[in-house]
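The chain contents come next:
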Amino acid sequence: MKLKNIAEILDCLLEGDGETEITGVASLETARKGDLVYISGSKHRPALDSSSASAAVIPEGEHYERIPVIRAAHPHLAFIRAVELFHETPRSQPGIHPLACVAGDARIGRDVSIEPLSYVGAGASIGDRTIIRALAAIYPGAEIGDDCVIHSHVAVREGCIVGDRVVLHNGVVVGADGFGYIRLEDGTHRKIPQMGRVVIEDDVEIGAGAAIDRAALDETRVRRGAKIDNLVQVAHNVDIGENAILVAQVGIAGSSSVGRNAILSGQVGVADHVRIGDNAIVAAKSGITKDVPDGAFVAGIPHQDIRVWRKMWVLLPQIPEIVKDLKQLKARLDAIEKG
Amino acid sequence: MKLKNIAEILDCLLEGDGETEITGVASLETARKGDLVYISGSKHRPALDSSSASAAVIPEGEHYERIPVIRAAHPHLAFIRAVELFHETPRSQPGIHPLACVAGDARIGRDVSIEPLSYVGAGASIGDRTIIRALAAIYPGAEIGDDCVIHSHVAVREGCIVGDRVVLHNGVVVGADGFGYIRLEDGTHRKIPQMGRVVIEDDVEIGAGAAIDRAALDETRVRRGAKIDNLVQVAHNVDIGENAILVAQVGIAGSSSVGRNAILSGQVGVADHVRIGDNAIVAAKSGITKDVPDGAFVAGIPHQDIRVWRKMWVLLPQIPEIVKDLKQLKARLDAIEKG
Amino acid sequence: MKLKNIAEILDCLLEGDGETEITGVASLETARKGDLVYISGSKHRPALDSSSASAAVIPEGEHYERIPVIRAAHPHLAFIRAVELFHETPRSQPGIHPLACVAGDARIGRDVSIEPLSYVGAGASIGDRTIIRALAAIYPGAEIGDDCVIHSHVAVREGCIVGDRVVLHNGVVVGADGFGYIRLEDGTHRKIPQMGRVVIEDDVEIGAGAAIDRAALDETRVRRGAKIDNLVQVAHNVDIGENAILVAQVGIAGSSSVGRNAILSGQVGVADHVRIGDNAIVAAKSGITKDVPDGAFVAGIPHQDIRVWRKMWVLLPQIPEIVKDLKQLKARLDAIEKG
């Protein structure tokens, strides 16, 4: 593909030889002749100078002479589109593989691909163009929307609902029982029936091994556009807001909610019945024990405003110093008081 | 179902119109006409006042007039039994699906259901009325008891033993190798063979994606009635006590033990060779580095008595203040000493 | 097997009756007549004294009279070799099970065992003597080396590469998409295509449920001899050094690297774009926010040198004391200043 064609598709300005042949995309470090790369700002210019790439996407205001460039208002975004020109995701062949096990009364949309050794239970439904990869399990009565990709070893449990354009990576579990028991007097635990469901709205992506539990009653909901990373735990009756981000290994206890556009960094834990506000940010490894206001940025176990937390953590290593100082002051006071 | 019939089944006192037709159960917030709800105490009365439910379970001592009520010593427990009246879990059809792969010498009990694409290895045994859902793997020589539910993508590894009435949710791994190596002089790791097994006793429930490792020698044991939440890690040779509760994402290192009725809250980590006492409680995200006495309530990394921990955390944000105070005291002392 | 034969195979000195019949290996606590046990040092002698074992491996310098012993420079290592004499791992029958689904153009090595209900996609390759257990998924174009064991419910995604003698325990996911998005002005997230791959080098072992994400571009790499425990998260473009150890539930964010022989203890979190040095040790539950030098030993959230961290944590519970002391000093100063 010629650089000028790429510039045209990206609708971006070209500077330099548009006839340059581009055969792939790469990072600055690994690019070879024929590769297109990108830099998001001037701090990456030295890396670009020493790169073997044949062309680069650079920010709109900038200039570069050594190799031809494409200028973009948002270089990373433009580069992503270029990446997609070179790496079209291979479409699975539509059809139901003879080694798949699909219930007779399951509703299967148009151009669906159901790979070998996958299971679609009684009364389940699969939307148009959705891909069920090998060894996935769609339990009876579950509903999957259009244009989804359900990877190997995903389980969507009975009665759960998955919207359109949802990607569930390997091993995701949607709708296992919430963790609810009542302790009886003899110390044993009586299970609280988990009769609710999970609803995953459109455009959600969930990472490998994440678990979204079904509600006791009502529903657990992951709203439109939310993105959930690997090995995240979402308990029963939780509500994840639109476009929220849950980074890997986050855990959210029962009946809590996460606001729209909120970001929970890696390994954050959230207690039950807590509300995290819209646009809130929670630093990695924090433990959220109370409501977090809209737009707040918090950190720590238990969490605090990030500014309080930072001041505190700068000074904490001085504790030995503080203890020593106190002792000295006491001694000096003793001396004064003794006269 | 008429309310008076429900009251009769629950063996509870009815107040109001027993002829009220009940068609389902629901939470206070989502209840509609025909639904039965419950409140556990007077703080939920306002929610009940504005609920559309047709009837409610309320605590024994209380009164309510707007809608008919059932009075129960333990309203939640009574409600749970009502929930179960309306939501009987669908029984899988007994039988071995022709697309299941069951070894010829596996022992299969009565009324067992083995769903399609599940695997039962040589010499394994499956107890009466147990359900092996689609795509589960029972390795050679594993033994599953009676009345269990083994969900899709569960693996019970070679020689491991699962008791009666055990529920393993999707993706649970029972008996993968413990993580044990000896570092050799050249820096490489020599694997310590993991030849022990896992024993899961009766009435245990284990959540999605949890991993219970086999012992190096001897066994890893999860005792009767323990409940383990999603994505929990139990290492080799660990012993989990009767009715213990491990909340989501807890991790327990090798050879440690958890006492009976102990509760480990979410994301707790436990070092190796540590004993957590009976009835102990560990607050979320704590790191247990030493033995925890029976009945203790601890928190923090490293853990401390919860009272010490609470006092500490109330004061920690004052550290900047403390540092400032110290400086001022010093200055005042300097002034006094100079005369 | 006679004790003298075991001593011979282990190339160790025997003391006592070499004709002693050894029928198994066990831990000190559970050993019965016929069992061989080991002690690594004199602190285990009392346990040996009360053990029912018929023989023991003991350290080279030591003596023991009650039962015959084998003396070894490294008793645990010698014992491991004895364990292996008694527990040969059962070899799967080579061959492709008729209920496996293997693409016509997949390259299958010699003496490979592909168990029932496993899936090998188009263009994938499986090395000599490798075992693909039931219900594993090898995606199209993935390459598995020689002498590997791929357990049930493992997924090796498209184009990923696994070396020789690699063991992937149940539910491991190699090559799910990295977690990368650009937030657009309307708050939605544009996915950054994850077009790279994962390379798992030789002699790596990965525990149940761990997830190793593919790179956006280039690759995520787990180097030779690294050992990864259960439920670990390794993000896109991460580089795990030779013989590194990642204990259970560790999470490593994008583009970070872990040095050779480094040890990350359980539940450690590592921020993105951070370098952990060779031979570094990170204490359990720490949060790594900046580079860690070679050979450092760090702890805490955020991490600090372990010595600083220890001093700090010994004193932190004294904070209430410190606050009280400060108040008293102030009062005394006030009194002095007032005259």
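Before any of the text, the structure's been laid out above.
Residues numbered from 1 in each chain as written. Chains lettered and ligands numbered in written order. Predicted model: local features only at pLDDT ≥ 70, side-chain atom pairs only at ≥ 80, totals over all residues. Heavy atoms only, no water.

Draft legend 1. Representation of the overall build of chain A. In terms of helices and strands, chain A carries five helices and 38 strands. Its C-alpha radius of gyration of 27 Å places chain A more than 25% over the 20 Å reference for a compact globule of 339 residues. Considering only C-alpha atoms, chain A reaches an extent of 90 × 70 × 30 Å along its principal axes. For chain A, with 339 residues in total, the buried portion stands at 58%. (Helix = DSSP H or I, 4+ residues; strand = E, 2+ residues; numbered from the N terminus. Rg over C-alpha atoms; globule rule 2.2 N^0.38 Å. Buried < 20%, exposed > 50% of the residue type's maximum accessible area, 1.4 Å probe, protein only.)

Draft legend 2. Molecular detail of the interface of chain C and chain B. On the chain B side, the residues contacting the 60 residues of chain C number 66 residues. Linking B:Arg332 and C:Glu337 is a salt bridge whose minimum nitrogen-to-oxygen distance equals 2.8 Å. Taken together, the connections running from chain C to chain B amount to 31 residue pairs in polar contact (both at pLDDT 80 or more). Counting residues per element, the ones that place at least two in the side of chain C that touches chain B are helix H3 (75–86), strand S26 (227–228), strand S29 (245–246), helix H4 (306–315) and helix H5 (319–338) of chain C. In terms of residue class, the side of chain C that touches chain B is built from 32 nonpolar, 17 polar and eleven charged. (Contact = heavy atoms within 4.5 Å. Salt bridge = Lys/Arg side-chain N within 4 Å of Asp/Glu carboxyl O. Polar contact = N/O pair within 3.5 Å; in protein donor to acceptor, adjacent residues only side chain to side chain. Nonpolar A, V, L, I, M, F, W, Y, C, P; charged D, E, K, R; others polar.)

Draft legend 3. Up close: the pairing of strand S4 (residues 55–59) of chain A. Residues and elements named next belong to chain A. Counting buried positions along S4 yields five of five residues, so the element is predominantly enclosed. Two strands pair when backbone bridges link them, and strand S3 (residues 35–38) and S4 are joined in this way by three bridges, in the parallel orientation. Across the sheet, Tyr38 pairs through a bridge with Val57, a residue of S4. When S4 meets strand S5 (residues 69–72), the two strands line up parallel, connected through four bridges. (Pairing = 2+ DSSP bridges.)

Draft legend 4. Spatial organisation of the packing of helix H1 (residues 3–10) of chain C against H3(C). Residue and element names in this part refer to chain C. Where H1 contacts H3, the axes come no closer than 10 Å and their chain directions differ by 120°. By the angle between their axes, H1 is oblique relative to H3. Helix-helix and strand crossings are classified by hand; for H1 and H3 the assignment is right-handed. Taking contact as the criterion, the partners of Ile6, Ile9 and Leu10 in H1 are, on H3, Ala78, Arg81, Ala82, Leu85 and Phe86. Tallied by class, the residues present in the contact of H1 with H3 amount to seven nonpolar, no polar and one charged. (Axes fitted to C-alpha atoms, helices over the stretch in contact; angles between N-to-C directions. Parallel < 35°, antiparallel > 145°, perpendicular 65-115°, else oblique. Left-handed = near helix turned anticlockwise from the far one by under 90°.)

Draft legend 5. The relation of the copies chain A and chain C, seen in detail. At an RMSD of 0.0 Å, chain A and chain C line up after a rotation of 120° and a shift of 0.0 Å along the axis. Put plainly, the chains are arranged around a three-fold axis. (Least-squares fit on C-alpha atoms with pLDDT ≥ 70 in both.)

Draft legend 6. View of helix H4 (residues 306–315) of chain A. Here H4(A) has its buried residues at A:Ile306, A:Trp309, A:Met312, A:Trp313 and A:Leu315. For H4(A), the elements touching its buried residues are strand S37 (297–299), strand S38 (304–305) and helix H5 (319–338) of chain A, helix H4 (306–315) and helix H5 (319–338) of chain B together with H4 of chain C. The opening residue of H4(A), the one whose side-chain oxygen lies 2.8 Å from the backbone nitrogen of A:Arg307, is A:Asp305.

Draft legend 7. The arrangement of the interface of chain A and chain C in detail. Facing 60 residues of chain A, the contacting portion of chain C comprises 66 residues. Carbon and sulfur atoms make up 69% of the surface buried where chain A meets chain C, a total of about 4,900 Å² over both sides. Here chain A and chain C share five salt bridges between them. Summed over the shared surface of chain A and chain C, the result is 31 residue pairs in polar contact (both at pLDDT 80 or more). (Buried area = accessible area lost by both parts, 1.4 Å probe.)

Draft legend 8. Expanded view of the nonpolar core. Formed by 54 residues in total, the largest nonpolar core has its most connected members in B:Ile138, B:Val156, B:Ile240, B:Leu264 and B:Ile276. Excluding residues within four positions of it along the chain, B:Leu264 makes contact with B:Ile245, B:Leu246, B:Val247, B:Val250, B:Ile252, B:Val258, B:Val270, B:Ile276 and B:Val282. (Core = buried A, V, L, I, M, F, W, Y, C linked by side-chain atoms within 4.5 Å.)

Draft legend 9. Highlighting the sheet that holds S4(A). Residue and element names in this part refer to chain A. The five strands are arranged S1-S5-S4-S3-S2 in an open sheet whose pairing can be described as mixed. The open sheet has two edge strands with one neighbour each: strand S1 (13–15) and strand S2 (24–25). Sheet topology note: the S2/S3 ladder contains two bridges and is parallel. Along S3, the bridge assignment pairs Gly24 with Asp35. In the packing of helix H3 (residues 75–86) onto the sheet, the strands contacted are S2, S3, S4 and S5, and the crossing angle to S3 comes to about 155°.

Draft legend 10. Highlighting the sheet that holds strand S35 (residues 281–282) of chain A. Residues and elements named next belong to chain A. With mixed pairing, the twelve strands of this open sheet are ordered in space as S6-S9-S12-S15-S18-S23-S26-S29-S32-S35-S37-S38. Both edges of this open sheet fall to strand S6 (95–96) and S38, since each of them pairs with a single strand only. The pairing of strand S32 (residues 263–264) with S35 spans two bridges and is classified as parallel. Residue pairing for S35: Ile263 is matched across the bridge by Ile281.

Draft legend 11. Summary view of the side chain of A:Gln304. Take A:Gln304: it is sitting in strand S38. Judged by its relative accessible area of 12%, A:Gln304 falls in the buried class. In contact with A:Gln304, other than residues within four places in its own chain, are A:Phe297, A:Val298, A:Ala299, A:Trp309, A:Met312 and B:Pro317.

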